[in-house]
Amino acid sequence: VWTTTRPDWRNTHDVTLTYGGPIQRNKTFFFVSWEQQSSRTRSLQTATVLSDPARQGIFRYWEKWNPDDAASATPTFPASATQGVHPSVDYSGNPLRPALNPDSTPYNGVLRCFSVFGNVKANGSPFTQADCAGGAAVINATPWDRFRTSMDSTGHIARLLEAMPRANWFGDGDGLNTAGYRWVRRASGQGGGNAAAGVADFVNRKQINVRIDHNFSSRHRVNGNLSYELSDSDDFLAAWPGGVSGETRRRPRVVTVTGTSTLSPSILNEARFGIRYQVSGQYIARESNAASVRETAEEWYLKGGPSASNGTVYPVAFNPAGVANGMLNITGQSSGNTTSLYNWADTLSWSRGRHAFKFGADIRFTGSNGYNSTGGSVLPVATGGAST
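Computed from a predicted structure; not experimentally measured.

### What about the sheet that holds strand E3 (residues 58-62)?
Strand order in this open sheet of 3 strands is E3-E6-E7, and the pairing throughout is mixed. This sheet does not close on itself; its edge strands, each paired only once, are E3 and strand E7 (136-138). Taking the axes of each pair of neighbouring strands and ignoring which way they run, one obtains an average angle of 25 degrees across the sheet. The pairing of E3 with strand E6 (residues 111-115) spans 5 bridges and is classified as antiparallel. Bridged to Ile 58 within E6 is Ser 115.

### A short note on a nonpolar patch on the surface
Residues Tyr 277, Tyr 342, Trp 344, Ile 363 and Phe 365 make up a contiguous nonpolar surface patch of roughly 490 Å² in combined accessible area. Mapped onto the elements of the fold, Tyr 277 is located in strand E12 (residues 267-283).

### Comments concerning the nonpolar core
Core analysis: the biggest nonpolar cluster contains 22 residues, and Leu 50, Met 164, Trp 240, Tyr 301 and Leu 328 have the highest contact counts within it. Listed by contribution, the elements that provide at least two residues to this core are strand E2 (28-50), helix H2 (156-163) and strand E8 (178-188). Looking at this core element by element, the count peaks at 3 residues for E2. With 15 residues, the next largest nonpolar core counts Tyr 107, Ala 137, Phe 170 and Ala 179 among its residues.

### Quick look at empty space enclosed by the protein
Any empty space left between atoms is shown by rolling a water-sized probe over those atoms. Tallied over the full model, the rule gives 1 cavity of 30 Å³ or more. There is about 40 Å³ of room inside the largest cavity. Lining the largest cavity are Phe 236, Val 244, Gly 246, Ile 284, Ala 285, Arg 286, Tyr 301, Leu 328, Asn 329 and Ile 330. Looking at the lining of the largest cavity residue by residue, the class counts come to 7 nonpolar, 2 polar and 1 charged.

### Re the confidence of the model for the chain
Averaged over all residues, the pLDDT of the chain is 91; the fraction at 70 or higher stands at 97%. Across the chain, the element-wise mean pLDDT spans from 79 in strand E17 (residues 381-383) up to 97 in strand E9 (residues 204-215).

### Section: the pairing of E9
Two elements, E2 and E9, share 10 bridges in a ladder whose sense is antiparallel. Within the sheet, the bridge partner assigned to Val 32 lies in E9 and is Val 210. In this sheet, strand E10 (residues 220-235) lies alongside E9 in antiparallel orientation, the contact comprising 12 bridges. Looking at E10, one finds that Asn 204 is bridged to Asp 232. The antiparallel hairpin formed by E9 and E10 contains 4 residues in its connecting segment.

### Quick word on unusual backbone geometry
The residue after Phe 77, namely Pro 78, is reached through a cis peptide bond having omega -5 degrees. Tracing the chain through its elements places Pro 78 in the loop between strand E4 (66-68) and strand E5 (85-87). For Ser 104, which is not glycine, the phi dihedral falls at a positive 80 degrees. Locating Ser 104 in the fold gives a position in the loop between E5 and E6.

### Details of the state of the cysteines
By definition, a disulfide links the sulfur atoms of two cysteines through a covalent bond. Counted under the stated rule, the structure contains 1 disulfide. A disulfide bridge connects Cys 113 with Cys 132, and the sulfur atoms are separated by 2.0 Å. Taking the sign of the S-S torsion, about 65 degrees here, the bridge from Cys 113 to Cys 132 comes out right-handed. One end of the pair, Cys 113, is in strand E6; the other, Cys 132, is in the loop between E6 and E7, with 19 residues separating them in the sequence. Relative accessible area serves as the criterion here: at 2%, Cys 132 is assigned to the buried category.

### Side note on the sheet that holds strand E13 (residues 301-306)
The strand order across the open sheet built from 3 strands is E13-E14-E17, with neighbouring strands paired in mixed fashion. Because the sheet does not close on itself, it has two edges, and the strands there are E13 and E17. Taken over all neighbouring pairs, the strand axes of this sheet differ in orientation by 40 degrees on average, direction set aside. Note that strand E14 (residues 313-319) and E17 share 3 bridges and pair parallel.

### Digging into the environment of Asn 209
Structurally, Asn 209 is set in strand E9. Separated by 45 residues in the primary sequence, Asn 209 and Val 254 place their C-alpha atoms 9.5 Å from one another. Residues in contact with Asn 209, not counting those within four places in the same chain, are Phe 31, Val 32, Ser 33, Leu 226 and Ser 227. Side chain to side chain, Asn 209 and Ser 227 meet in a polar contact 2.9 Å long.

### Thoughts on the side chain of Ser 72
Residue position: Ser 72 is located in the loop between E4 and E5. Take Ser 72: its relative accessible area is 18%, and that puts it in the buried class. A polar atom in the side chain of Ser 72 sits 2.7 Å from the backbone oxygen of Asp 69. Dropping the residues within four chain positions of it, Ser 72 is found in contact with His 86 and Pro 87.

Cut-offs and rules
Residues numbered from 1 in each chain as written. Predicted model: local features only at pLDDT ≥ 70, side-chain atom pairs only at ≥ 80, totals over all residues. Heavy atoms only, no water. Pairing = 2+ DSSP bridges. Helix = DSSP H or I, 4+ residues; strand = E, 2+ residues; numbered from the N terminus. Axes fitted to C-alpha atoms, helices over the stretch in contact; angles between N-to-C directions. Patch = residues over 30% accessible without salt bridge, like charges linked within 9 Å, V, L, I, M, F, W, Y side chains within 5 Å. Areas by Shrake-Rupley, 256 points an atom, 1.4 Å probe, with all protein chains shown as cover. Salt bridge = Lys/Arg side-chain N within 4 Å of Asp/Glu carboxyl O. Core = buried A, V, L, I, M, F, W, Y, C linked by side-chain atoms within 4.5 Å. Buried < 20%, exposed > 50% of the residue type's maximum accessible area, 1.4 Å probe, protein only. 1 Å grid on protein atoms, 1.4 Å probe; cavity = no way out; pocket = protein on both sides within 12 Å on 5 of 7 lines; lining within 4 Å. Points joined across faces, edges and corners; volume = space filled by probe spheres on them. Nonpolar A, V, L, I, M, F, W, Y, C, P; charged D, E, K, R; others polar. pLDDT = per-residue confidence, 0-100. Disulfide = S-S within 2.5 Å. Contact = heavy atoms within 4.5 Å. Polar contact = N/O pair within 3.5 Å; in protein donor to acceptor, adjacent residues only side chain to side chain.

Take a look at the structure:
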C-alpha cells in the first residue's frame, strides 16, 4: 500500500535583546546584547535492519539468484549464472518468486531457508519446515559454524536484536534477510566540522556581549568588552529510535581592555590587553556533557582484554555483520580542540608640526591542543563476521 512520506523540515528561531545606558552620568556607560538561536530538524531516515527470520538465525535465498530488495530492477537476460541479481520480495516483504532462470528459461528453483544454528533457531527452539513459508527448509544436524553453536553468551547480540526496530520498508537491503526501517528522526541544531569551527548557520547558540566605557577625565578613558558564547548541537546521530547521539560543542570567550590617554596636545598613548580562549569539538555519545548519555553509551561497548603494554582494559565498539549498531554512531571522526591567545600591545603616537610618529610593541602568546581520530574517538572498533 502506497503511503506518503513526511518531507524533511527545519525550524529556526532567533531572539536578540539589547540594552544600554549610563551607569554614572557623563562618566560610565554600558551596553549589553543577548542573542539566542535554536534550530530543530526533522528528516526521513532509512536504517538497514534484519528481517524477522534473520533475527532467528534463519537466512533465505532463491536458488540460482542473488536476492535484492523490492525496488531493484528486473535483470537483463541472460544474466550471470553466479552474479545475477533479482528482486526477492514485494513491498510487503512477501517472497517474490522469479519468473525466469538466469538463462531465460522458466524458473524451476525454490526458496531455500537454513538456520546458521543447524536444526535450531536463535532462541533454541527447533527449526522446522514451518519456519520457511513458501519455500523448502534445509535442516542440518550441525550448525553452519561449529564455533557458533548458539547465540553469544555475553548477551550483547540479544540486546542489539531487542533494540533493533522491525523492518517496515522492503525497498532496502536484500529483501529476504535485510530490509529497511523508515522513521522520522529529530535533531537539535547543526553538528559537524563547520559547527565546531564556528561557521555553521543553524547551530543552537547563546551569546552575550558586554561593553563598559569609563571616562576618568577628559584626557583618560578606558573601555572593556566581554563576549561569551555557548554553542551545542546534536552530532553523530544514532540510526535507530532510542539510540544515543553525540554532540558538537563550542565555547569561545573573548575579553579585551583598552586604555587611551592624551599625555599632551601632541602625544597620545593607547594600551591594549586581550584574551581569546576557545574549547570546541565533535564528541561521540561516550564523551557527552550529559552523564545519562555517557552512561547509556557505555552500556553498548564491549570490554576488551588487558593491553599487553600497560594492562589497561579498553572498551570496544562492536558492529554486527551486515547491519550497523544503530544505538550508537561509532564510525565518525571525533575531535577536540583548546586554543588560547593572550595579547599585550601599546602604541604611542606623537605629532610634531607636519610630521607624525608612531611607536609601539605587540606581544602575543598563543597555543593550541587538539586531537582527532577515526572510529569512535581512539576506541577500537570490531565488525563481526563478513560484512556481506
